[in-house]
Amino acid sequence: MLAIDLTGKVALVTGSTRGIGRAIAEALAKAGARVAVVGRDAAKAQAAAAEIAPDARGYGCDVADAAQVTALVEAVEKDFGQLDILVNNAGLTKDNLLLRLKDDDWQQVLDANLRGAFVAMRAATRGMMKRRFGRVINIASVVGLTGNKGQANYAASKAGLIGLTKSVAKELATRNVLCNVVAPGFIATDMTAAMTDEAKAATNAAIPMERMGQPADIAGAVAFLSSDLAAYITGQVLVVDGGMVM
Ligand code: NAI
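Procedures and definitions
Residues numbered from 1 in each chain as written. Predicted model: local features only at pLDDT ≥ 70, side-chain atom pairs only at ≥ 80, totals over all residues. Heavy atoms only, no water. Salt bridge = Lys/Arg side-chain N within 4 Å of Asp/Glu carboxyl O. Helix = DSSP H or I, 4+ residues; strand = E, 2+ residues; numbered from the N terminus. Buried < 20%, exposed > 50% of the residue type's maximum accessible area, 1.4 Å probe, protein only. Phe/Tyr/Trp six-rings, centres within 6.5 Å; stacked < 30°, edge-to-face > 60°. Lys NZ or Arg CZ within 6 Å of the ring centre and 35° of its normal. Near = heavy atom within 4 Å. Polar contact = N/O pair within 3.5 Å; in protein donor to acceptor, adjacent residues only side chain to side chain. Areas by Shrake-Rupley, 256 points an atom, 1.4 Å probe, with all protein chains shown as cover. Axes fitted to C-alpha atoms, helices over the stretch in contact; angles between N-to-C directions. Parallel < 35°, antiparallel > 145°, perpendicular 65-115°, else oblique. Left-handed = near helix turned anticlockwise from the far one by under 90°. Contact = heavy atoms within 4.5 Å. Nonpolar A, V, L, I, M, F, W, Y, C, P; charged D, E, K, R; others polar. Expected span 1.5 Å × (residues − 1). Bend = angle between axes of the 7 residues up to and from the residue. Pairing = 2+ DSSP bridges. Right-handed = clockwise from strand over helix to strand, strands pointing away.

Student: Can you help me understand the pattern of salt bridges in this one?
Tutor: Opposite charge on two side chains makes pairing possible when the charged atoms of those side chains draw close. Throughout the structure, instances matching the rule amount to 5 salt bridges. E26 is the partner of R22 in a salt bridge, and the nearest nitrogen-oxygen pair spans 2.9 Å. Placement of both R22 and E26 in helix α1 (residues 19-30) is noted, with a separation of 4 residues, approximately one turn of the helix. When the shortest N-O distance is used, the salt bridge between D217 and R211 registers 3.9 Å. What makes D217 partly exposed here is its relative accessible area of 33%. Through salt bridges with shared partners, one network takes in R22, E26 and E51.

Student: Help me understand the packing of aromatic side chains, please; the structure alone is not making it clear to me.
Tutor: Ring pairs (aromatic) are described by centroid distance and by the angle formed between their planes. As enumerated under the stated definition, the model contains 0 aromatic pairs in all. When the ring centre of F133 is taken as origin, the NZ or CZ atom of K9, which lies over that ring, is 4.3 Å away.

Student: Which parts of the structure should I look at to understand the site of the ligand?
Tutor: Residues in close proximity to the ligand total 27 residues, the closest being R18, N89, Y154, G185 and T189. Within the contact set of the ligand, a nitrogen atom lies 2.9 Å away from a backbone nitrogen or oxygen of V63. In this structure, an oxygen atom belonging to the ligand sits 3.4 Å away from a main-chain N or O atom of G91. Look at the ligand: alone it shows 830 Å² of surface, and the protein chains cover 95% of it. Elements supplying a minimum of two residues to the shell around the ligand: α1, α6 (152-172) and α7 (190-193). Counting residues per element, the shell around the ligand draws most heavily on α7, which supplies 3 residues.

Student: How should I be thinking about the packing of helix α3 (residues 66-80) against helix α4 (residues 103-131) in this particular structure?
Tutor: When two helices pack together, their arrangement is captured by the angle between the axes and the distance separating the axes. It is the contact of α3 with α4, at a shortest axis distance of 9 Å, that shows an interaxial angle of 30°. The pairing of α3 with α4 is recorded here as roughly parallel in orientation. Taken as a pair, α3 and α4 cross one another with a handedness that is right-handed. Every residue of α4 that contacts α3 at A66, V69, T70, V73 and E77 is listed here: R115, G116, V119, A120, A123, A124 and G127. Taken together, the residues of the contact of α3 with α4 sort by class into 7 nonpolar, 3 polar and 2 charged.

Student: Hey, could you run me through α4 in this one?
Tutor: Helix length check: α4, at 29 residues, gives a terminal C-alpha distance of 41 Å against a target of 42 Å (1.5 Å per residue), a fit within 8%. Maximum bend of α4: about 40°, positioned at D111.

Student: Hey, could you run me through the pairing of strand β5 (residues 134-139) in this one?
Tutor: Within a regular strand, side chains alternate between the sheet's two faces. The buried count for β5 comes to 6 of 6 residues, which makes it a mostly enclosed element. By the bridge criterion, 4 bridges tie strand β4 (residues 85-88) to β5 in an arrangement that is parallel. If you follow I85 over to β5, its bridge partner there is R135. Regarding topology, α4 serves as the crossover connection from β4 to the parallel β5, and that connection is right-handed. Inspection of the sheet shows β5 paired to strand β6 (residues 177-184) by 6 bridges, in the parallel sense. Following the sheet pairing, I139 is matched in β6 by V182.

Student: How should I be thinking about the packing of α4 against α6 in this particular structure?
Tutor: Contact geometry of α4 with α6 gives a least axis separation of 8 Å together with a crossing angle of 15°. On the basis of the axis angle, α4 is roughly parallel to α6. Seen from above, α4 lies across α6 with right-handed handedness. Each of D105, W106, V109, L110, N113, L114, A117, F118, M121, T125 and M129 in α4 lies in contact with α6, whose residues at this interface are A152, N153, Y154, A156, S157, K158, G160, L161, L164, V168 and L172. Across the contact of α4 with α6, the residue classes tally to 15 nonpolar, 5 polar and 2 charged.

Okay, structure coming up:
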């Protein structure tokens, strides 16, 4: 039987106490990986880890703080003895039209969404290269491909993630460290909960499948890219959006 089997692997998923990250952590644990669950609040991350699997562990980390990100990777490698799969999922929006976009809103979004992923990749890939196995999956967004009114900072951070991923994919391919992007469309989480009914209806109308996605839809793509089924795939952007962006 063809199956996704991550037995023996260790996965770190940032922003995994809720939403898409939580679904990814659950899917990877279900496939047999031991999972490091990460949230800004350590106690919440530990509580989520206990719910996900007996061998999962929770960690606190603000991904906008480079020193915390490096320390997180070191702690996970020490506690589990290895790190095989890194999923940079934590992200936030601070939306505004360009002329109203404050320097702070730009910087906060870039620091968390893009620099956090860079620092985590720099820290995690050293051990992956030594062990000749690694999977990095960065969660971008379709707006990193298309742009979006009111999201110049967010779209720049997600487009940056794509360039970052492709560059590192080229650097590390011969070491069997594969780096890919999953770009979600509109997924039902806290991030999209604030949309008005009209906005949701307009969005659904732009999606060939005529519905928003679920966190599990993204988790399936991440589990696939983490597995042996994706052993010859690197530097790719897998768009998971019900056909919205083709
Ligand atoms: P969410 O808001 O439910 O979850 C985001 C997670 O990231 C939360 O756990 C949050 O605490 C964490 N986070 C944010 N800033 C952080 C920081 N500085 N340090 C540590 N953790 C931090 O949102 P959702 O929808 O689950 O988003 C997950 C990822 O998917 C994000 O990168 C988002 O940009 C991306 N995405 C989501 C889409 C959607 O429609 N929901 C569409 C496209 C991309």
